[in-house]
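Report on the structure
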Amino acid sequence: MSELSDKLLYTKESIYRTCDGDKKDKIFAYAKGYMQFLDAAKTEREAVKVGVAMAEARGYKPYVLGAPVKAGDCYYYNNRNKNLFVFRVGTAPIEEDGIRIIAAHIDSPRLDIKQCPVYEDSEMCFLKTHYYGGIKKYQWTALPLALHGVVVLKDGTQVEISVGEDESDPIFYINDLLPHLSQEQYKKSLGEAIPGESLNVLIGAMPMEGEDGDAIKMNVLRILNEKYGMTEGDFLSAEISAVPAGKARDVGFDRALICAYGHDDRVCSYPALTAIFDSQDTTHTVISILADKEEVGSEGNTGMQSILLQDIMDQISISLGANPRIVRNASYCLSADVNAAYDPNFKGVYEKANSAILSCGAALSKYTGSRGKSGSNDASAEFIGKLRRIFAEHGVVWQSAELGKVDQGGGGTVAKYIAGLNIETVDLGVPVISMHAPYEVISKADLYSTYEAFLAFID
Ligand code: MN
Ligand code: MN
């Protein structure tokens, strides 16, 4: 590149094209830790459990809501086992310095088991499901599934369920139609070919001896009762999800990429956690959030529309003798969520110059939304200008990104809810191939770049 073009042009370049061997080793080592996190955290509850263990291992203490804090304190707050706040109180005057927030989410698209789910038909026993988040239903048939979740028994005992991940475990399955009989199905649109009510999880086929009627269902209920002490009625107070079974895997002969369930948004959650743990800075007050319910609109008391973030920020501010309104006004947030990586197999829906390109670094989206930026937090030029300087200072490779062509659709994140608290907020995260598919793909280089961006933001 000539000196002048270097000065005048904005270009994106793959980190893999420019990094040395030392950097590549760092990228791959970090990816290993992430893959272990993925394998242990397939639901928001499991992600909170792993996050709490990571925080405790680094000396973070459980926070009691409303308790005063002081500079130097490191806390985590476990909100109902589905939403985690990890925070460190800094020494800088908080009314000027504000609070730096990184907000990722730990819920992923999946199939939730219904309240009255068990039935048998034609020598097979199934669980009825209600899908959670934006899935392409046809992608969830004919693949190995695991069941994860909790059951609150009649007596209040809570039982955890995780079946299908261990090699010796059985897996579960959703039937699809054989091509030989698919003449009519082929004529339907992809969205209609597999109706939601046909996403029934196959869980048994062995009748109970001496039992008339639904003997297979009875046998499955017997096994569940022996294993978990539960009855059919206990599904009423259960949260069980069917998710793709199996571990995260390297992709490609060169192992540059990772295929796994739930990159969206654990691929930003893991860097959000490790960045706060690894940062050496003690001046800034920092909060990393692992939110729930993003995939269904950030609703409820564990989603980012809850007032809990404000409560925690305000408590920190009041403890330090600051005005919470002034602190919120001075605060900054990276809404840490994934973006779509440009996919040459589906060129028609992307506008390449404004799409995230795989391996070119963390993707910063000034705005999201659809149909004319509707539903978007459109971050300010001033805030992005500030981030550009921070990232340049720290040598972070990042890229701009918009989700596809203007009229193709769109999506949202938690950004607008946090911005609504009067906090400067922008979206930044990892570009993903096949987002919301049972198995998604990301680049290890983008994962590491996102971690570096978070570190730079809070250091
Ligand atoms: Mn997401
Ligand atoms: Mn999503």
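Residue numbers here run from 1 along each chain, matching the order of that chain's written sequence. Labels are handed out in written order, letters beginning with A for the chains and numbers beginning with 1 for the ligands. Restriction of local features to residues with pLDDT of at least 70 applies here, the model being predicted, together with a cutoff of 80 or more for giving and counting side-chain atom pairs; totals for whole chains, interfaces and linings are based on all residues. Based on all heavy atoms of the structure, the side-chain values leave hydrogens and waters out of the count.

What to know about the coordination of the manganese ion (ligand 1)
- In the first shell of the manganese ion (ligand 1), the protein supplies H105 (NE2), D264 (OD), D337 (OD) and D337 (OD), at 2.1 to 2.6 Å from the metal.
- Each metal's donors are the N, O and S atoms found within 2.8 Å of it, except that Na, K and Ca use a 3.2 Å limit; water is left out, so coordination can look incomplete. Each donor residue of the manganese ion (ligand 1) belongs to the same chain, with the gaps between them written as H-x158-D-x72-D.
- A distance of 3.4 Å spans the gap from the manganese ion (ligand 1) to the manganese ion (ligand 2), which D264 bridges by coordinating each metal. Of the two residues, H105 is situated in strand β4 (residues 99–105) and D337 in the loop between β15 (332–335) and β16 (339–340); the sequence distance between them amounts to 232 residues.
- According to the relative accessible area criterion, H105 is buried, its value standing at 1%.
- Here the term buried applies to any residue with accessible area under 20% of the maximum for its type, exposed to any over 50%, and partly exposed to those in between, with areas from a 1.4 Å probe on protein chains only. Among the residues examined, D337 registers a relative accessible area of 7% and is labelled buried. Numbering goes from the N terminus for both helices and strands, where a helix is a DSSP run of H or I of at least four residues and a strand is a run of E of at least two.

What about the packing of aromatic side chains?
- Here a Phe, Tyr or Trp ring, Trp counted by its six-membered ring, pairs with any other such ring whose centre lies within 6.5 Å, and the pair is stacked when the planes are under 30 degrees apart, edge-to-face when over 60, and tilted otherwise. Within the structure shown, the criterion is met by 16 aromatic pairs.
- With a centroid separation of 5.4 Å and 25° between ring planes, the pair formed by Y332 and F383 is classed as stacked. Pair noted here: Y332 is in strand β15 and F383 is in helix α12 (residues 381–394), with a separation of 51 residues, a long-range link. Each member of the pair, Y332 together with F383, is buried.
- Ring pairing ties together the aromatic residues Y30, Y34, F37, Y270, Y448 and Y451, which thus form one cluster.
- One residue, K24, lies across the ring of F28, its end atom 5.1 Å from the ring centre.
- Lysine and arginine charges are scored as sitting over a ring when NZ or CZ, respectively, is within 6 Å of the ring centre and within 35 degrees of the ring normal. Lying across the ring of Y132, R110 places its NZ or CZ 3.8 Å from the centre.

Re the domain arrangement of the chain
- Considered domain by domain, the chain is made up of domain 1 (3–108 + 261–458) and domain 2 (110–244).
- Domains are outlined according to an automatic or database domain assignment. For domain 1 and domain 2, the distance between their C-alpha centroids amounts to 34 Å.
- A contact between two residues is defined here by any heavy atoms of the two lying within 4.5 Å. Every contact between the two is made by 19 residues of domain 1 and, on the other side, 17 residues of domain 2.
- Accessible area that two parts lose when put together, with a 1.4 Å probe and added across both, is what the buried area reports. Summed over both sides, the interface of domain 1 with domain 2 buries roughly 1,500 Å², with 49% coming from carbon and sulfur.
- For the domain 1 face of the interface with domain 2, the top three residues by lost area are K42, R45 and P438, together amounting to 31%.
- A side-chain nitrogen of Lys or Arg and a carboxyl oxygen of Asp or Glu constitute a salt bridge if their distance falls within 4 Å. If you look at where domain 1 meets domain 2, you find 5 salt bridges.

Some points on the coordination of the manganese ion (ligand 2)
- For the manganese ion (ligand 2), every protein donor is listed as D264 (OD), E295 (OE), E295 (OE) and H436 (NE2), and the spread of their distances is 2.1 to 2.5 Å.
- Going along the chain, you hit the donors of the manganese ion (ligand 2) in the pattern D-x30-E-x140-H.

Notes on a nonpolar patch on the surface
- Judged by side-chain polarity, L4, L8 and L9 come together as a nonpolar surface patch covering roughly 340 Å² of accessible area.
- Among the secondary structure elements, L8 is positioned in helix α1 (residues 3–8).
- Using a relative accessible area of 59% as the deciding quantity, one classes L8 as exposed. Nonpolar side chains (Val, Leu, Ile, Met, Phe, Trp, Tyr) are joined into patches within 5 Å and like charges within 9 Å, using only residues with over 30% relative accessible area and no salt bridge. Here the Shrake-Rupley method, with its probe set to 1.4 Å, supplies the accessible areas, and only the displayed protein chains count as covering residues.

Details of the sheet that holds strand β13 (residues 257–260)
- Should DSSP find at least two bridges between two strands, the strands are taken to pair. Taken in spatial order, the 3 strands line up as β12-β13-β23 in an open sheet, and their pairing is antiparallel. Where the open sheet ends on each side, the last strands, each with one partner, are β12 (249–251) and β23 (440–443). Neighbour to neighbour, the strand axes of the sheet diverge by 35° on average, direction disregarded.
- As judged from the 3 bridges shared by β12 and β13, these two strands associate in the antiparallel manner. In the sheet register, R249 faces β13, and the bridge partner there is C259.
- Comment: axis = line fitted to C-alpha atoms, over the contacting stretch for helices; angle = value between 0 and 180 degrees taken between N-to-C directions. Set on the sheet, helix α3 (residues 21–40) makes contact with β12, β13 and β23; between it and β13 the angle comes to about 0°.

Observations regarding the nonpolar core
- Throughout, nonpolar core names a set of buried Ala, Val, Leu, Ile, Met, Phe, Trp, Tyr and Cys residues whose side chains join them through atoms within 4.5 Å. Grouped together as the largest cluster of nonpolar side chains are 64 residues, with contacts concentrated most on Y34, L387 and F391.
- Discounting chain neighbours no more than four positions away, the residues touching L387 are L334, L364, V426 and F457.
- Within the second largest apolar cluster, 35 residues are counted, among which are I135, V151, I216 and L224.

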